Amino acid sequence: MQENNKIIKISVRNLVEFIMRSGDLDNTKARREADAMQAGSKIHRKLQKQMGPNYTAEVPLSITIPVVREDVAFDLTIEGRADGIIKNEMEMKDEFAVLIYEVEDKDPPEIVVDEIKGVYMDLSHLNAPIGVHRAQAMCYAYIYAVKYNHQRVGIRMTYVNLEIENIRYFEETFTFPELEDWFHNLVEEYGKWAVWQIKWISSRNEAIKALEFPFPYRDGQKELAAGVYKTILRKKKLFIEAPTGVGKTISTVFPTIKAMGEGIAEKVFYLTAKTITRTVAEDTFQILEQKGLPLKVVTITAKEKICILDKPDCNPIACERAKGYYDRVNDAVYDLLTAENKISRDLISEYASKHCVCPFEMGLDVTLWADAIICDYNYAFDPNVYLRRFFTNDKPNDYIFLVDEAHNLVDRAREMYSGVLYKDSFLEVKRLVKDYSSKVTKCLDHCNNDLLKLKRDCDEFEVVDNISDFALHLLQLLTELDEFFQENHILEGKEEILTLYMDIRHFMNMYEIHDDKYTIYTDYDEAGQFRIKLQCMDPSKNLLYYMDKGRSAVLFSATLLPIQYYMDQLGGTKEDYAVYAPSTFLPENRIIMVGSDVSTKYSRRSEKEYQKILDYIIEFTGARTGNYMVFFPSYQMMSQVALQAGEQLQGLVMQSSNMTEEEKELFLEEFVEDPVESRIGFCVMGGIFSEGIDLKKNRLIGAVIVGTGLPMVCNERELFRGYYDQKNGLGFDYSYLYQGMNKVLQSAGRVIRTRDDRGAILLLDERFSQKQYMNLFPREWYPNIPVNLSTMKKELGAFWKKVDQEEFC
């Protein structure tokens, strides 16, 4: 929805789904509506081609209605695309469809609007058209009748099962006055929302026009903000490598909000991978609010954190707020919007309690009216959980994606667009359902037998060329599980059954779109369980599909090197932009040293090599009392060096695997400001302390990076290597080098966080002196100093002496 000169635009689908939805939240009904929407376009085209000459497919329709309400006058434009318009009688080829149901009409209308819906359910259970589907057809019927002056129009709901392709029709005829009364009531109900939106956007945009950048511009920051604005204006993507301290969050948010005030941007999606960066985004919007900017900003909170139950269970039996949720939620949202200027997690919970609705789902519903949404990458890009209310329209909207810590999106996207199924899961679900459904049991047997055949051919790791039979059996299983969920309400094993259902559903969605950017393989996990994986090798095409739903995307990180790699993986095109923002830190405030007489290669690991590493750490941390972090490539090496250290290192604290939030906070509390004794934290590269933490001033004065961070060699990693060797000859770089060096850059970035920070960084590995690795050093890492144990002591002494002199002055 967007407002521009008091014109409100909304799609037919969004209008009817928003106003006419009703009923319960119910996770016991495993609906596949979203999947049907994705697969439905193919069946639409197939059906439409089977129609006769009197059938016109994909007819664009729109109507603009002048509305006056609460002294606000505006035009409401409702638009969409009818699946088909039928003139007079028409026939369908018999070989395609089996007509299950038809309503006879002795005086058929001259025009019939056809609304096609692909579904997975057994059509014999469908006794009437679904309300919102019928409403869509009625909207198109009214718009068509107005446009072409028809006094009597029919609608036809065409439901087609996507697996066996049988069809069921529901037909209905309306007079023009009947459609007109119904349509005007729909518009009247939506009117109060449109009026609120117009008033809010008008006051918001006035405030945006008066908004000034909240800080003095740092070097290069004004140019960076201008680049973001121009990118949005030109409908492009911008990739930003911005070192810590540049102020990249405010430099991207501010110009985006300015574009919103000018009607260029409709909504901002601030996308992150971690909670800490979400907090930074919230703080940035808070700064703008303190400068007089009213904004509706919603942070999507994880369901587990906001649910009123100990464990989320969204159905009317387990939760009173799920029963009749859709009957009450619009009132709850309207109450919140009209009574509160800002939106917070606490306010959402308060109003959800007041209206007895689910706070998590209400938070999602509030996003429809928010100016900015702060959320995980998943809500924009993941085919399972993306916010369909924003991204299901054919036309792109003026949404702006601000993607923070974008280096994380490569692996996250590969994971989002991959699917994996475990053989043991089918056997476990069979055990749970065998007494309830012979049909489901039979389908599970088929799938298990398919996997058994694949297992016999897989000693350790096997690439598979064709799984068409297995895919067919999975589709049949999904259909039977749909029926099973409708007819059974078992409690034992419900979660396991639903998990397998969702895993199969996702696997099949990915199978539907898989192409040469995918590889299918079988192997065994660490526990020895056999699995089949549909691996996305290159997520760029899938990401681009979702990014194209918006107007522009700005992707930024302190470690987006080499930037061409990230553009290639994250949907960048030749027309998009890339910029390297200059660092605001003075080179003399830090020292970067490279110790190249040690190695962390597997072939060189030994007690002797570990003692060399330990000697460097002792010398480095002994040069000045303070807080240090030492980052290792693995828990194993970290533990071995710690064990060898014994009493040689004082003040040692170690990261452990699977730390809770409380344990993480306790660990960081060890790094106090102005410490009397040194604290040395042993951590793992790529772990929770290697990015997303802010130890400012002298809470951290040095970091040792042990090794190049390269991932361990494994079958999947070698699969990526072979794929990219064939694609561009950069297999090692794409599968090992870039990921490893990103961990190095992130870990080193913990030291210098503000302009006043002073710190030392030591890179320990012979490979850091090789051109292949040095080419990935950021500009601010030059100059760096090659050292050995004796020269490092001298360099560190001189550096800290200079720091002391500056502080004294």
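Residues numbered from 1 in each chain as written. Predicted model: local features only at pLDDT ≥ 70, side-chain atom pairs only at ≥ 80, totals over all residues. Heavy atoms only, no water.

Asks: Tell me about the pattern of salt bridges, residues and numbers included.
Replies: Counted according to the given criterion, the structure contains 32 salt bridges. Residues K727 and D538 are paired through a salt bridge, measuring 2.7 Å at the closest nitrogen-oxygen approach. Pair noted here: K727 is in helix α24 (residues 715-728) and D538 is in the loop between β16 (530-536) and α19 (540-547), with a separation of 189 residues, a long-range link. Here K727 falls in the partly exposed class, since its relative accessible area comes to 39%. Residues R721 and E718 are paired through a salt bridge, measuring 3.8 Å at the closest nitrogen-oxygen approach. Of this pair, R721 and E718 both sit in helix α24, 3 residues apart, which is roughly one turn of that helix. Residue classification places E718 among the partly exposed positions, given a relative accessible area of 33%. Salt bridges linked by common partners bring K601, R604, E609 and E766 together as one network. (Salt bridge = Lys/Arg side-chain N within 4 Å of Asp/Glu carboxyl O. Helix = DSSP H or I, 4+ residues; strand = E, 2+ residues; numbered from the N terminus. Buried < 20%, exposed > 50% of the residue type's maximum accessible area, 1.4 Å probe, protein only.)

Asks: A description of the sheet that holds strand β13 (residues 419-422) should follow, citing residues and the corresponding values.
Replies: In space, the 4 strands of this open sheet follow the order β13-β16-β15-β14, with antiparallel pairing throughout. Among the strands making up the open sheet, the edge pair consists of β13 and β14 (461-464). Neighbour-to-neighbour, the strand axes of the sheet open up by a mean angle of 20 degrees, direction not taken into account. For β13 and β16, the ladder comprises 4 bridges, and the chain directions are antiparallel. Across the sheet, residue G419 finds its bridge partner in β16, namely L534. Sitting on the sheet, helix α15 (residues 423-433) touches β13 and β16, and the angle it makes with β13 is about 55 degrees. (Pairing = 2+ DSSP bridges. Axes fitted to C-alpha atoms, helices over the stretch in contact; angles between N-to-C directions. Contact = heavy atoms within 4.5 Å.)

Asks: Give me a negative patch on the surface: which residues, what numbers.
Replies: A cluster of acidic residues, D457, D459, E460 and E462, forms a negative patch on the protein surface. Considering the arrangement of structural elements, one finds D457 in the loop between α16 (438-456) and β14. (Patch = residues over 30% accessible without salt bridge, like charges linked within 9 Å, V, L, I, M, F, W, Y side chains within 5 Å. Areas by Shrake-Rupley, 256 points an atom, 1.4 Å probe, with all protein chains shown as cover. Lys, Arg positive; Asp, Glu negative; His and termini not counted. Charge placed at Lys NZ, Arg CZ, Asp CG, Glu CD.)

Asks: How would you summarise the packing of helix α6 (residues 248-261) against helix α7 (residues 275-290) if you had to cite specific residues and measurements?
Replies: Contact geometry for α6 and α7: axes closest at 10 Å, N-to-C directions at 50 degrees. When the axis of α6 is compared with that of α7, the two are oblique. Between α6 and α7 the crossing geometry is right-handed. Of the residues in α7, those in contact with T249, I250, V253, F254 and I257 of α6 are V280, A281, T284, F285 and L288. Broken down by class, the residue content of the contact of α6 with α7 amounts to 8 nonpolar, 2 polar and no charged. (Parallel < 35°, antiparallel > 145°, perpendicular 65-115°, else oblique. Left-handed = near helix turned anticlockwise from the far one by under 90°. Nonpolar A, V, L, I, M, F, W, Y, C, P; charged D, E, K, R; others polar.)

Asks: So what's going on with the packing of aromatic side chains? Which residues, and what values?
Replies: Evaluated as defined, the whole model comprises 47 aromatic pairs. Geometrically, the ring pair formed by F732 and Y736 is stacked, given 5.8 Å between the ring centres and 25 degrees between the ring planes. Separated by 4 residues within a single helix, F732 and Y736 lie in helix α25 (residues 731-748), roughly one turn from each other. Chaining the aromatic ring pairs together yields one cluster made of F269, F381, Y386, F390, F391, Y399, F401, Y417, Y545 and Y546. The side chain of K192 reaches across the aromatic face of Y334, ending 4.5 Å from its centre. Above the plane of the ring of W200 lies K296, whose end atom (NZ or CZ) is 4.5 Å from the centre. (Phe/Tyr/Trp six-rings, centres within 6.5 Å; stacked < 30°, edge-to-face > 60°. Lys NZ or Arg CZ within 6 Å of the ring centre and 35° of its normal.)

Asks: Could you give an account of empty space enclosed by the protein, with specific residues and numbers?
Replies: Taken as a whole, this structure holds 2 cavities of 30 Å³ or more when the rule is applied. In this structure, the largest cavity encloses a volume near 100 Å³. Along the wall of the largest cavity there are 13 residues; nearest its centre are C307, C314, C319, C358 and P359. When grouped by side-chain class, the residues that make up the lining of the largest cavity number 10 nonpolar, no polar and 3 charged. Roughly 70 Å³ of internal volume is contained in the second largest cavity. Considering the residues around the second largest cavity, the lining is formed by V298, T299, I300, T301, I306, R345, I348, P359, F360, G363 and L364. When contributions to the lining of the second largest cavity are tallied by element, the ones reaching two or more residues are β10 (297-299), α10 (345-355) and α11 (359-366). The element contributing the most residues to the lining of the second largest cavity is α11, with 4 residues. (1 Å grid on protein atoms, 1.4 Å probe; cavity = no way out; pocket = protein on both sides within 12 Å on 5 of 7 lines; lining within 4 Å. Points joined across faces, edges and corners; volume = space filled by probe spheres on them.)

Asks: Describe the sheet that holds strand β21 (residues 652-654), naming the residues involved and giving the relevant values.
Replies: Across the sheet, 7 strands lie side by side as β21-β22-β20-β23-β24-β19-β25; this open sheet has parallel pairing. In this open sheet, the two edge strands, each paired with only one partner strand, are β21 and β25 (785-787). Taken over all neighbouring pairs, the strand axes of this sheet differ in orientation by 20 degrees on average, direction set aside. Sheet strands in contact with α25 are β20 (627-632), β23 (702-706) and β24 (759-764), and its direction is about 165 degrees off that of β23.

Asks: I'd like to hear about the nonpolar core, residue by residue, with values.
Replies: In a soluble, globular protein the nonpolar side chains are often hidden away together inside. Judged by nonpolar contacts, the single largest core of 191 residues is most densely connected at Y190, M362, F381, F426 and M629. Residues contacting M362, with those up to four places away along its chain left out, are Y325, V329, A332, V333, L336, I348, Y351, A352 and V357. The next biggest cluster of nonpolar side chains, apart from the first, holds 34 residues, and it includes F254, I400, L402 and A581. (Core = buried A, V, L, I, M, F, W, Y, C linked by side-chain atoms within 4.5 Å.)

Asks: Now, about α19: what can you tell me, with residues and values included?
Replies: When α19 is considered as a whole, its buried residues turn out to be S540, N542, L543, Y546 and M547. In a view along the axis of α19, the buried residues occupy a sector of 165 degrees, so they form one face of it. (Arc of directions from axis to C-beta.)

Asks: So what about unusual backbone geometry? Which residues, and what values?
Replies: Cis geometry marks the peptide bond from L561 to P562, where omega comes out at -10 degrees. Structurally, the position occupied by P562 is in the loop between β17 (552-557) and α20 (563-569). With omega at 0 degrees, the peptide bond leading from Y782 into P783 counts as cis. Relative to the helices and strands, P783 resides in the loop between α26 (771-774) and β25. Phi is positive for N149, which is not a glycine, with a value near 60 degrees. Along the chain, N149 falls in the loop between α3 (131-148) and β6 (152-161). Residues other than glycine seldom take positive phi values, yet C356 does so here, at roughly 55 degrees. Relative to the elements of secondary structure, C356 occurs in the loop between α10 and α11.

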